[in-house]
Amino acid sequence: MRYTKHYSSPTELLTILQDRGLDCSDIDDAESILRSVGYYRLSGYLYPFLKVPKSEHRYKSGSTLGSAVSLYEFDREFRQLVFDQIERIEVAVRSTITNIVCAETGDVFWMTNPSRFAHSDKYNKTLALIDKEIQTSREDFILHFKQSYDDPYPPSWMIAEIIPLGTLTRLYENIASNQIRKKIARYFGLTVPVFVSWMTIVTLTRNSCCHHARLWNRSLSLRALTMTRPLRPWVDNNVQQGRVFFTLCILKHFVDIIRPNNAFKQRLVALLSKYPMIDTSAMGFVKDWQSQPLWSE
């Protein structure tokens, strides 16, 4: 099957939307929106307004372009809020892993020491990624190290700053000492398998935010591991996995440890209040979410 769709200009696309039953009169310059945001990106926010079956591309009565744009603006602000939490988590995880392994081993070059890792094949793959990052990095501290020292690799705290978060998680997962892995996971109130699982979800969400991808009603096929006896306040079993609210719960768990007096909940509540048209059930929110142990304080 060959792709046969042809290019349509913003003017033509606006006519197509109107012919399909979308009211575009509530936006002063609807064509400008299609031109600056792009029809393909905006179509993800128009999708909830389609009649069933959605394959017929007919809009529900009363659907407006302004409603889709409001949904787009909510998602944009929502990604900013989420990424703000992920930034705190990422920085803390990089620092914690580096500090604990250096303190426990006395080896500042542990990230590039094969004896520190359990599986050589996995280590070789991550080392190749480290090599690539060091070769292409333009960070001042990496350039200074290369100019000043004869060692083949910088110390771990420098490498931790330039490798992707996913690579750092794979390094952690491969650390030979189970006691060290436990100590790192316990710092974040988790077991080793759950820490790895949650960091994978944090990384996937981070990548979505970085690429400005739709987040508000996105579903993850990856199931997260959970603790049968949580060490810290958590949520009831009625919170659905794979929905964005479950991801928010993971972020809240980490941020509460990193910054106990954070304003994540308050900012989330304020954002939802700013956009009252948002269907929070499509995001996986449960009705009593603010009274759940994790969110009640």
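The preceding data block contains the structure.
**With respect to the overall build of the protein chain**
Part 1 of the argument: For the protein chain, the helix and strand inventory stands at 12 helices and zero strands.
Part 2 of the argument: Reading the secondary structure of the protein chain in the N-to-C direction produces α-α-α-α-α-α-α-α-α-α-α-α.
Part 3 of the argument: If one aligns the C-alpha atoms of the protein chain with their principal axes, the spans along those axes are about 70 × 45 × 40 Å.
Part 4 of the argument: The buried share of the protein chain, reckoned over its 297 residues, is 46%.
Part 5 of the argument: Taking as baseline every contact in the protein chain between residues at least 6 positions apart, the subset at least 24 positions apart corresponds to 67%.
Part 6 of the argument: In the structure as shown, the protein chain presents an accessible area of about 16300 Å², 50% of it carried by carbon and sulfur atoms.

**Here we look at the packing of helix H4 (residues 65-105) against helix H8 (residues 165-173)**
The relative placement of two packed helices comes down to the angle between their axes together with the axis-to-axis distance.
Part 1 of the argument: Here H4 crosses H8 at 35 degrees, and the two axes come no closer than 11 Å. Between H4 and H8 lies a crossing of left-handed hand. Here H4 contributes Glu90, Val93, Arg94 and Ile97 to the contact with H8, which in turn contributes Leu165, Leu168 and Tyr172.
Part 2 of the argument: Partitioned by chemical class, the residues of the contact of H4 with H8 number five nonpolar, no polar and two charged.

**Quick word on the packing of aromatic side chains**
Part 1 of the argument: Applying the stated criterion across every chain, the model contains 20 aromatic pairs.
Part 2 of the argument: For the ring pair Trp110 and Phe117, a centre distance of 6.1 Å and an interplane angle of 35 degrees mean the geometry is tilted. In this pair, the class of Trp110 matches that of Phe117, namely buried.
Part 3 of the argument: Between Phe245 and Trp295 the ring centres are 5.9 Å apart and the planes differ by 25 degrees, which places this aromatic pair in the stacked class. A residue pair is termed long-range when its members are at least 10 positions apart, and Phe245 in helix H11 (residues 244-258) and Trp295 in the segment after helix H12 (264-274) qualify at 50 residues.
Part 4 of the argument: Residue Phe245 is classed as buried on the basis of its relative accessible area, which comes to 0%.
Part 5 of the argument: The aromatic ring of Trp295 is capped on one face by Lys252, whose charged end is 5.4 Å from the ring centroid.

**So, the side chain of Thr98**
Part 1 of the argument: Along the chain, the position of Thr98 falls in helix H4.
Part 2 of the argument: Once you skip the residues sitting within four places of it in the chain, Thr98 turns out to touch Trp110, Met111, Ser156, Trp157 and Ala160.

**Let's talk about helix H9 (residues 178-187)**
Part 1 of the argument: Residues of H9 that are buried: Ile180, Arg181, Ile184 and Ala185. Projected down its long axis, H9 carries its buried residues within an arc of 130 degrees, all on one side. Turned more than 90 degrees away from the buried face of H9 sit Gln179 and Arg186, all of them exposed.
Part 2 of the argument: Lining the buried residues of H9 we find H4, H8 and helix H10 (192-210).
Part 3 of the argument: In the segment just after H9, Gly189 is the residue with positive phi, at about 70 degrees.

**A closer look at the environment of Ser70**
Part 1 of the argument: Within the fold, Ser70 resides in helix H4.
Part 2 of the argument: Accessibility expressed as a relative area gives 25% for Ser70, which makes it partly exposed.
Part 3 of the argument: Spatially, the C-alpha atoms of Ser70 and Tyr45 are 9.0 Å apart, while their sequence positions differ by 25 residues.
Part 4 of the argument: Excluding its chain neighbours within four sequence positions, the residues that come into contact with Ser70 are Tyr275 and Met277.

**Quick look at the packing of H4 against H12**
Part 1 of the argument: Contact geometry of H4 with H12 gives a least axis separation of 11 Å together with a crossing angle of 175 degrees. One element, H4, and the other, H12, form an angle in the roughly antiparallel class. Of the residues in H12, those touching H4 at Phe74, Glu77, Phe78, Leu81, Asp84 and Gln85 are Phe264, Arg267, Leu268, Leu271, Leu272 and Lys274.
Part 2 of the argument: By residue class, the composition of the contact of H4 with H12 is seven nonpolar, one polar and four charged.

**Concerning the pattern of salt bridges**
Oppositely charged side chains are able to pair whenever their charged atoms sit close together.
Part 1 of the argument: Considering all chains together, one arrives at 11 salt bridges under this definition.
Part 2 of the argument: Between Lys274 and Glu77 there is a salt bridge, with its nearest N and O atoms 3.0 Å apart. Of this pair, Lys274 sits in helix H12 while Glu77 sits in helix H4, and the two are 197 residues apart along the sequence.
Part 3 of the argument: Overall, Glu77 belongs to the buried group, its relative accessible area being 18%.
Part 4 of the argument: For Glu90, the salt bridge goes to Arg206, with nearest N and O atoms at 2.7 Å. Taken together, the positions of Glu90 in helix H4 and Arg206 in helix H10 put the pair 116 residues apart, joining distant regions of the chain.
Part 5 of the argument: Of the residues examined, Arg206 reaches a relative accessible area of 21% and is grouped as partly exposed.
Part 6 of the argument: Here the salt bridges share partners, and the residues they tie into one network are Glu90, Arg94 and Arg206.

Definitions and limits used
Residues numbered from 1 in each chain as written. Predicted model: local features only at pLDDT ≥ 70, side-chain atom pairs only at ≥ 80, totals over all residues. Heavy atoms only, no water. Helix = DSSP H or I, 4+ residues; strand = E, 2+ residues; numbered from the N terminus. Buried < 20%, exposed > 50% of the residue type's maximum accessible area, 1.4 Å probe, protein only. Contact = heavy atoms within 4.5 Å. Areas by Shrake-Rupley, 256 points an atom, 1.4 Å probe, with all protein chains shown as cover. Axes fitted to C-alpha atoms, helices over the stretch in contact; angles between N-to-C directions. Left-handed = near helix turned anticlockwise from the far one by under 90°. Nonpolar A, V, L, I, M, F, W, Y, C, P; charged D, E, K, R; others polar. Phe/Tyr/Trp six-rings, centres within 6.5 Å; stacked < 30°, edge-to-face > 60°. Lys NZ or Arg CZ within 6 Å of the ring centre and 35° of its normal. Arc of directions from axis to C-beta. Parallel < 35°, antiparallel > 145°, perpendicular 65-115°, else oblique. Salt bridge = Lys/Arg side-chain N within 4 Å of Asp/Glu carboxyl O.

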